[in-house]
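Letter by letter, the chains look like this.
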Amino acid sequence: MLCISPTVPTCCFLRPSSQMAWRRHSSISLQTLALWISLMAVFIGTAECARRSIHLPGGSRDGGVMGAFQYAATSCRANTASLKDFGGVGDGKTSNTKAFQAAVAHLAQFAGDGGGGMLYVPAGRWLTGPFNLTSSFTLFLHRDAVILATQDISEWPVIDPLPSYGRGRDHAGGRYSSLIGGSNLTDVIITGDNGTIDGQGAFWWQQFHGGKLKYTRGYLIELLHSDQIFISNLTLLNSPAWNVHPVYSSNIIISGITILAPLHSPNTDGINPDSCTHVRIEDCYIVSGDDCVAIKSGWDEYGIAFGMPSQHIIIRRLTCISPTSAVIALGSEMSGGIQDVRAEDITAIDSESGVRIKTAIGRGAYVKDIFVRGMNLNTMKWVFWMTGAYKSHPDNKYDPNAIPVVKGISYSDVVATDVTQAARLEGISNAPFTGICISNVTVHLAAKAKKQSWTCTDVEGVSSGVSPTPCASLPDRGAGAEPCPFPTDRLPIDDVVFEECSYMS
């Protein structure tokens, strides 16, 4: 056991060999989900916040947070400051970009053996442009704190495209920086008492639809080349595009996040691990204009050359509403490979598809060893959707001989109601998707369902206990067949333990 902050011995980060000591459990019925939609808020955690302060020369004090507070995290910090100490003004009008940047720069001195630093964002509306985090750092939002993304484009730096993509997703060339970013970091925490980060995306969506943007939109949170990332207990609103994008990173936990965006907002994916290893996504509630969770690993020849897969990923207790996209998507940018994804206890309503695998000739690499069990779905277009003919490419330089391999896909214990079509499974001619297993699945078709409940081309596999009866390429193994596999081993990311961090003012 390694105690990150020796001055706060109750808060430690345990190595993966330690046993789980803290985990939030939640479940949600459709009735509860309906109530949640009407309220449009989920209140996660009840800890009230105060802080141990750094007294800065000439700095203002935030007198509203004195006392003790507790929160669960992977690391506690020995040094804490308020955004107000750096001239922050929470009126929703004054730019706080320089205040955020100055605060992070000051707390960076405590990285490593300095005990780490925490930036406390008190109640208020804190308008800001993009800013980067540092290592051994916590960004903590009070329950009534709102970080507001500025709509002044001049405050959004243009940065290089990701090397595994070769260009921006919206446009060739560069991309706008993400609101909260960082690169080559270790031990980064973004958390709070259900505080809010609001991307004010309507401005960006209008510019995007009007063809007025020269560069790809930024995301709310993007951390690159980083290790030990913990994002929890926040509400994310109206991102310009993707909400949470860890890329080229490892040992990531995203827990207790509420993500809300209009149902037809463009590309507002919820959580997109991209060329990441050892990821745990749990207890998240997402209403999105795109995929709720999308696992990615690079785009065509650029992703093949970069060669970094996404693997060893856990998704559990996810609730999703996405009428035009998937609850869980794999791809379409998967040219570094996707392997060992384990999803369970998934609830969705009014979504296009439960699980969707998206790839194409030119992507190369593989999607394999994908395990999904325990899905409760209501009002869906498809329960399962696979396609090997996704049309999007970064340019015309992709290799037509780069054929993706899709195999070892297991779905079990699924109940779905009000469904238009049970499955649409479309592999690649002369390169079929293989090793598909579907068991203990009951799909109740809608009154206006398609006459053909299953569509299958260029796929091979087996089924058992599935209703309605699947297509001939997924023959039923009989009543005594074993269920589709789901791994029984425990991934190291599941053995990360949280304990309470405590501070006194």
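The structure we're discussing is the one just above.
The model shown is predicted, which means the values in this text are computed figures rather than measured ones. (Residues numbered from 1 in each chain as written. Predicted model: local features only at pLDDT ≥ 70, side-chain atom pairs only at ≥ 80, totals over all residues. Heavy atoms only, no water.)

1. Focus: the state of the cysteines
- Scanning the entire structure with this criterion turns up 4 disulfides.
- Put simply, Cys-76 and Cys-501 are joined by a disulfide, and their sulfur atoms are 2.2 Å apart. Between Cys-76 and Cys-501 the disulfide shows an S-S torsion of about -95°. By sign, it is left-handed. Of this pair, Cys-76 sits in the loop between strand E1 (68-73) and strand E2 (79-82) while Cys-501 sits in strand E27 (residues 499-504); the two residues are 425 residues apart in sequence, bridging distant segments of the chain. Of the two residues examined, Cys-76 and Cys-501, each falls in the buried class.
- Here Cys-456 engages in a disulfide with Cys-471; their sulfurs sit 1.8 Å apart. Measuring handedness by torsion sign, the sulfur bridge of Cys-456 and Cys-471 sits at about -75° and is left-handed. On the criterion of sequence distance, the pair formed by Cys-456 in strand E25 (residues 454-457) and Cys-471 in the loop between strand E26 (459-467) and E27 is long-range, its members being 15 residues apart.
- Assessed through its relative accessible area of 15%, Cys-471 is described here as buried. (Disulfide = S-S within 2.5 Å. Helix = DSSP H or I, 4+ residues; strand = E, 2+ residues; numbered from the N terminus. Buried < 20%, exposed > 50% of the residue type's maximum accessible area, 1.4 Å probe, protein only.)

2. Looking at the pattern of salt bridges
- One pass over the full model with this rule turns up 19 salt bridges.
- Note that Asp-291 and Lys-358 form a salt bridge whose closest N and O atoms lie 3.0 Å from each other. One end of the pair, Asp-291, is in the loop between strand E17 (277-287) and strand E18 (293-295); the other, Lys-358, is in strand E21 (residues 338-358), with 67 residues separating them in the sequence.
- Given the relative accessible area of 2%, Asp-291 is considered buried.
- Judged by relative accessible area, which is 5%, Lys-358 ranks as buried.
- Salt-bridge contacts for Asp-494 lead to Arg-316; the nearest nitrogen and oxygen are separated by 2.7 Å. Linking Asp-494 in the loop between E26 and E27 with Arg-316 in strand E19 (residues 310-321), this pair joins segments that are 178 residues apart in sequence. (Salt bridge = Lys/Arg side-chain N within 4 Å of Asp/Glu carboxyl O.)

3. What to know about the sheet that holds strand E10 (residues 180-183)
- Across the sheet, which stays open at both edges, the 4 strands sit in the order E5-E10-E13-E15 with parallel pairing between neighbours. Of all strands in the sheet, those bounded by a partner on one side alone are strand E5 (131-132) and strand E15 (244-247). (Pairing = 2+ DSSP bridges.)

4. Some details on the pairing of strand E23 (residues 405-426)
- With 17 bridges connecting them, strand E22 (residues 366-387) and E23 associate as parallel partners. Looking at E23, one finds that Lys-368 is bridged to Lys-407.
- Across 9 bridges, E23 lies against strand E24 (residues 433-445) in parallel orientation. When the bridges of E24 are listed, Ala-416 appears paired with Val-443.
- Sheet analysis places E23 next to E25, joined by 4 bridges and oriented parallel. Along E25, the bridge assignment pairs Ala-423 with Trp-454.

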